[in-house]
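# Reading the structure
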Amino acid sequence: MIRVRLRKAFPPKGFSLDLEFQAGSGITILFGPSGAGKTLVLESIAGFARPDEGRILLDDDILFDGATRVHLAPQARDCGYVFQKGALFPHMTLRENLQFAAERHPRLERHRRVNEMIERFRLTESAGRRPHEVSGGQRQRLSIARALIGGPRLLLLDEPSQGLDAPLRAELYDVLRQVRSEFKTPILMVTHDLEECFELADEMIVVDGGRIVQCGTPRKILDQPANIDVARLLGRFNLIAAEIRMLDPGRNISRVKIGEHELEGPYFPGHLKGDRVTLCIRPDQLSALPRSSRPGQNQMPAILERAVEQPYGVRLEFAGSIAVSVGRAEFERMRETTEWMIEFPTASMRVL
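A brief look at the structure comes next. Remember, predicted model here, so these are calculated numbers, not experimental data. (Residues numbered from 1 in each chain as written. Predicted model: local features only at pLDDT ≥ 70, side-chain atom pairs only at ≥ 80, totals over all residues. Heavy atoms only, no water.)

### Description of the pairing of strand β19 (residues 313-318)
For β19, a buried count of 5 out of 6 residues is recorded, marking the element as mostly surrounded by other parts of the structure. As judged from the 6 bridges shared by strand β18 (residues 304-310) and β19, these two strands associate in the antiparallel manner. What sits directly across from Arg306, in β19, is Glu317. Linking β18 back to β19 in an antiparallel pair, the connection comprises 2 residues. (Buried < 20%, exposed > 50% of the residue type's maximum accessible area, 1.4 Å probe, protein only. Helix = DSSP H or I, 4+ residues; strand = E, 2+ residues; numbered from the N terminus. Pairing = 2+ DSSP bridges.)

Laid out in structure tokens, this is it:
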């Protein structure tokens, strides 16, 4: 278990880090945009950066305490660290990189650990080569093996999939799942890739501007973003200006006006009639259909501006910055449509 409470200011840049969280077993991911302070959190835990104040505990051992001026050196913190670029020794073979990382162990134990890591991380055939002579996936596996060989109590990874193509990224995810199941070492990882969070994270911490803005499982955060800023960071939502025209708690319904059109929504606790709000709804929760199709109660006309091909379907982009995701076969059936309707399912409508 890692418990973190830290503050660090950078006056010339107008940026400050001020957050508190804890992470237990499994994989916890710090998610957020570039410059949010995610890497600085890892560096503070590892001892590469010193916070201005706060406290960092690993299994109740104090790594940093601003009040008592405790600041353990990186090598005394029992943390494994995987840097963005791997930071492997280019003049050493893969085996020698591992040997160097295990040098604090007795010779026989070091030999055993190196051989075990080479076998576990499928590096046997390339163990005698140098990092530039092997694939990106092998270098990444070596970086993780090297961080684990000393038996750390916490593994820190700074955007480990950066620069990897899709097959190598999938291979990395398999390796990290293997680490989670076999080593039982808690993992704290940085990314700005939401799909990576869904692939790996047991817990997700959203960081923006040096602050934590939401915590939870990836599914919970995607289904219930805490505010507009989180929804924008996730990058998966239509954010539509609207006005609440009616609220009926007895029937658990509302009326919401978008432009010149009114739609039925669920009751929105904490809001009043006349409130100007932002409707938050994902493209996959909406439906697009020809205007000549079945009439519906929760539909509004829309002008299609473009259709964007995607790996698993088509993204329809309508005037007013409203997007709808549809299957490719479904789109082919509607390709000649000139007049469109967008259907809003009541249960999926949320306001922020």
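### What to know about the nonpolar core
The biggest cluster of nonpolar side chains holds 45 residues, and the ones touching the most others in it are Phe121, Ile144, Leu155, Val179 and Leu234. If we ignore the near neighbours within four places in the chain, the residues touching Leu155 are Gly80, Val82, Ile144, Ala147, Leu148, Val179, Thr185, Pro186, Ile187 and Leu188. (Core = buried A, V, L, I, M, F, W, Y, C linked by side-chain atoms within 4.5 Å. Contact = heavy atoms within 4.5 Å.)

### Remarks on the side chain of Ser161
Within the fold, Ser161 resides in the loop between β8 (154-158) and α5 (166-182). Look at Ser161 and you get buried, because its relative accessible area is 10%. For Ser161, the residues in contact, after removing those within four places along its chain, are Arg169, Leu172, Tyr173 and Glu196.

### Quick notes on the pairing of strand β2 (residues 15-23)
Of the pairings in the sheet, the one linking strand β1 (residues 2-10) to β2 comprises 9 bridges and is antiparallel in character. Considered in β2, the bridge of Leu6 is made with Leu19. The antiparallel pairing of β1 with β2 creates a hairpin that spans 4 residues between the two strands, and Gly14 there sits at a positive phi of about 70°.

### Concerning the packing of aromatic side chains
All told, the structure shown has 7 aromatic pairs when counted by the stated rule. A ring pair is formed by Tyr81 and Phe83, whose centres lie 4.5 Å apart and whose planes are at 35°; its orientation type is tilted. Taking relative accessible area as the criterion, Tyr81 reaches 11% and is therefore assigned buried. Looking at Phe83, the relative accessible area reads 32%, which means it is partly exposed. Three or more aromatic residues link up through ring pairs in this structure, and these residues are Phe48, Tyr81 and Phe83. Above the face of the Phe183 ring, Arg120 is positioned so that its terminal group lies 4.4 Å from the ring centre. Against the face of Phe89 rests Arg146, its NZ or CZ located 5.7 Å from the ring centre. (Phe/Tyr/Trp six-rings, centres within 6.5 Å; stacked < 30°, edge-to-face > 60°. Lys NZ or Arg CZ within 6 Å of the ring centre and 35° of its normal.)

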